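Summary of the model geometry
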Amino acid sequence: MAASRVLCLLALTLSLFAVIYTVSGHNITQILSESPEYSSFNSYLSQTKLNDEINSRTTITILVLNNDVMSSLAGKHPLSVVKTALSLLVLLDYYDPLKLHKISQGTTLPTTLYQTTGRAAGNLGFVNVTDLKGGKVGFGSAAPGSKLGANYTKSVKQIPYNISVLEINAPIIAPGILTAPAPSNNMTELLEKAGCKIFASMLLSSGVVKTYESTVEKGLTVFAPSDEGFKAESAPDLTKLTQAEVVSLLEYHALAEYKPKGSLKINKNVISTLATNGAGKYDLTTSTSGDEVILHTGVGPSRVADTVVDETPLVVFKVDKVLLPIELFGKSPSPAPEPVSTPTPTPSAKSLSPTPTKSPSPRKEPSPVAASPPAPPVDEPSEEAPSDSPTSSENIRAKNAAFHVNTHAYFTAMVTLAATSLFL
Ligand SMILES: *[C@@H]1O[C@H](CO)[C@@H](O)[C@H](O)[C@H]1NC(C)=O
Ligand SMILES: *[C@@H]1O[C@H](CO)[C@@H](O)[C@H](O)[C@H]1NC(C)=O
Ligand SMILES: *[C@@H]1O[C@H](CO)[C@@H](O)[C@H](O)[C@H]1NC(C)=O
Ligand SMILES: *[C@@H]1O[C@H](CO)[C@@H](O)[C@H](O)[C@H]1NC(C)=O
Ligand SMILES: *[C@@H]1O[C@H](CO)[C@@H](O)[C@H](O)[C@H]1NC(C)=O
């Protein structure tokens, strides 16, 4: 009894944290809609979904460009490049005009949203802000040898100390971002490189890859289970599915819209998938835990482990587990314990700690904090065990399951080893 009370309290505390994390109270689209000279900038924030990312954060500064400057940037480049350029204009710190003119030592290198993508090598994800005296403040890429190619022009809006909007007179261009080679648009190739070979081959053999390809132009989000996810203890026995069910399962792993991580983080709605064929069918919900996003199918949770590619209007995520729709797996969820209204074994406080759910994978490294200065590109998928917020009974059941599965940790480690050796 006492243990379950502790559990409830913990769940409550964690869900409160989740609320604080996601509710910032500001709406950048709303703020900029008051100034028509930034309508183009505002529209690009919405198209690239950077607005969701901005709204999910506090202590943030947006460097806006007026319509003329924006059109000279956007006119020449694809949306994916525009997104990168705009993410360099979002500083993960609060700078109002006063602070801007009081920079200690006259120069500083704030982190930008671009740094959090894991694609910014070296200093590319940082911006150089320098007090030029005479009231001027210059902005440029922090990459060595870059010029201060933009100047502060005026303040647009401040909500201290949550969000500040300042106008600058030119984009900040980090070396190479305008000429970045377009990523492969070959879905199979992308997935194979990311360690999702089983998923890729199923998409090909079922023909569902064509459905994905026909959707991508208008926006596509893919949740690709890792090969480890297919081999996991909790993975479904796919040989028991009919061909039509395999198609539904694969369609369940994609959305007909562009929903990058920031959008998943602030999502509060039920999400339809490509398999959705009626209200409440084949849908998903999301929750967050710190910076992590967890997908919930109603059968079990799966963590969004890595962003394979985020090139508006396509985003491909790697997920830890195969997503099990209730429509196919709700009746006999082979992995998780049978649904029970009162959990039989009172979960001990210990089963809540992340430690028992971790497999002793030999390749596991603490994933680098993307926002810290010389962070290496986060190419290597983190193999952390899910750390979902235990707000639903589904999660608690999953935690228990994970705890029991731990007896097979040795097996998991061997599978991981085998999988790793494939790439060496
Ligand atoms: C700033 O953000 C916090 C949440 O982090 C919110 O509670 C507060 O109301 C916001 N302040 C303003 C002035 O909007
Ligand atoms: C933000 O403001 C825009 C424009 O006023 C509105 O359409 C949108 O729904 C708002 N977003 C949120 C999350 O409230
Ligand atoms: C920022 O750029 C200026 C001008 O190029 C340079 O003098 C300064 O050292 C840079 N600041 C930092 C912190 O690197
Ligand atoms: C920024 O201001 C400096 C100092 O006045 C000036 O030399 C430079 O040309 C300006 N740069 C831009 C892009 O306006
Ligand atoms: C996509 O990549 C796969 C694997 O590299 C290759 O077999 C296939 O031919 C490619 N498809 C296209 C259309 O280029």
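One structure accompanies this document, and this report is about it. These figures come from a predicted structure and were not determined experimentally.

So, how was this worked out
- Residues numbered from 1 in each chain as written.
- Chains lettered and ligands numbered in written order.
- Predicted model: local features only at pLDDT ≥ 70, side-chain atom pairs only at ≥ 80, totals over all residues.
- Heavy atoms only, no water.
- Helix = DSSP H or I, 4+ residues; strand = E, 2+ residues; numbered from the N terminus.
- Buried < 20%, exposed > 50% of the residue type's maximum accessible area, 1.4 Å probe, protein only.
- Areas by Shrake-Rupley, 256 points an atom, 1.4 Å probe, with all protein chains shown as cover.
- Near = heavy atom within 4 Å.
- Polar contact = N/O pair within 3.5 Å; in protein donor to acceptor, adjacent residues only side chain to side chain.
- Nonpolar A, V, L, I, M, F, W, Y, C, P; charged D, E, K, R; others polar.
- Pairing = 2+ DSSP bridges.
- Phe/Tyr/Trp six-rings, centres within 6.5 Å; stacked < 30°, edge-to-face > 60°.
- Salt bridge = Lys/Arg side-chain N within 4 Å of Asp/Glu carboxyl O.

**Description of the overall build of the protein chain**
Helix and strand counts for the protein chain come out as 17 helices and 14 strands. Split into buried and exposed, the 424 residues of the protein chain put 49% on the buried side. Surface accessibility of the protein chain: about 19900 Å² in total, with carbon and sulfur atoms responsible for 58%.

**Concerning the site of ligand 4**
Surveying the vicinity of ligand 4 reveals the residues K136, G149, N151 and N169. Note that an oxygen atom of ligand 4 is positioned 2.3 Å from one of the side-chain N or O atoms of N151. Between ligand 4 and the protein, one listed contact pairs an oxygen atom with a side-chain N or O atom of N169 at 2.9 Å. Protein coverage of the free-state accessible area of ligand 4, which is 360 Å², stands at 45%. Across the shell around ligand 4, the residue classes tally to no nonpolar, 3 polar and 1 charged.

**Re unusual backbone geometry**
A cis amide bond links P160 with the next residue in sequence, Y161, at an omega value of -15 degrees. For the peptide bond that leads from T312 to P313, omega is 10 degrees, which places it in the cis range. With respect to the secondary-structure elements, P313 resides in the loop between β13 (301-311) and β14 (314-319). Positive phi outside glycine occurs at K49, with the angle close to 65 degrees. The residue K49 is located in the loop between α3 (39-47) and α4 (50-55) in this model. The phi angle at Y282 is positive, at roughly 50 degrees, despite the residue not being glycine. With respect to the secondary-structure elements, Y282 resides in the loop between β10 (271-272) and β11 (283-289). Classification of Y282 as buried rests on a relative accessible area of 8%.

**Structural notes on the sheet that holds strand β2 (residues 90-91)**
Read from one edge to the other, the open sheet built from 7 strands follows the order β2-β1-β7-β6-β5-β4-β3, with strand pairing classed as mixed. Only two strands of the sheet have a single partner each, and these edge strands are β2 and β3 (107-108). Of the pairings in the sheet, the one linking β3 to strand β4 (residues 127-133) comprises 2 bridges and is antiparallel in character. Note on β4: the bridge partner recorded for T107 is T130.

**Considerations on the packing of aromatic side chains**
Given two aromatic rings, one states the distance between the centres and the angle between the planes to describe the pair. Counted by the stated rule, this structure contains 3 aromatic pairs. A centroid spacing of 5.2 Å and a plane angle of 70 degrees characterise the contact between Y94 and Y161, whose relative ring orientation is edge-to-face. Placement of Y94 in the loop between β2 and α7 (97-100) and of Y161 in the loop between β6 (150-159) and β7 (163-168) is noted, with a sequence separation of 67 residues between them. With relative accessibility at 4%, the residue Y94 sits in the buried group. Seen in terms of ring centroids, Y252 and Y282 are 6.0 Å apart; in terms of plane orientation they differ by 65 degrees. Their pairing is edge-to-face. Pair noted here: Y252 is in the loop between α12 (243-251) and β9 (254-255) and Y282 is in the loop between β10 and β11, with a separation of 30 residues, a long-range link.

**A short note on the pattern of salt bridges**
By the definition in use, this model includes 11 salt bridges. Among the ionic pairs, K261 bridges to D291, the shortest N-O distance being 3.8 Å. Here K261, found in helix α13 (residues 261-266), pairs with D291, found in the loop between β11 and β12 (292-296); they are 30 residues apart in sequence, far enough to count as distant. Salt-bridge contacts for E292 lead to R303; the nearest nitrogen and oxygen are separated by 3.1 Å. On the criterion of sequence distance, the pair formed by E292 in strand β12 and R303 in strand β13 is long-range, its members being 11 residues apart. Members of the salt-bridge network, linked through shared partners, are E53, R57, K261, K265 and D291.

**Notes on α3**
Because each turn of an α-helix spans 3.6 residues, side chains separated by three or four positions end up pointing in the same direction. Every buried residue of α3 is accounted for by S40, F41, N42, Y44 and L45. At the exit of α3 stands K49, carrying a positive phi of roughly 65 degrees.

**Points about the pairing of β11**
Relative to β11, β10 is paired through 2 bridges, and the arrangement is antiparallel. Note on β11: the bridge partner recorded for S272 is D283. Of the pairings in the sheet, the one linking β11 to β12 comprises 5 bridges and is antiparallel in character. Across the sheet, residue T288 finds its bridge partner in β12, namely V293. Count of turn residues in the β11/β12 antiparallel hairpin: 2 residues, of which G290 carries a positive phi of about 60 degrees.

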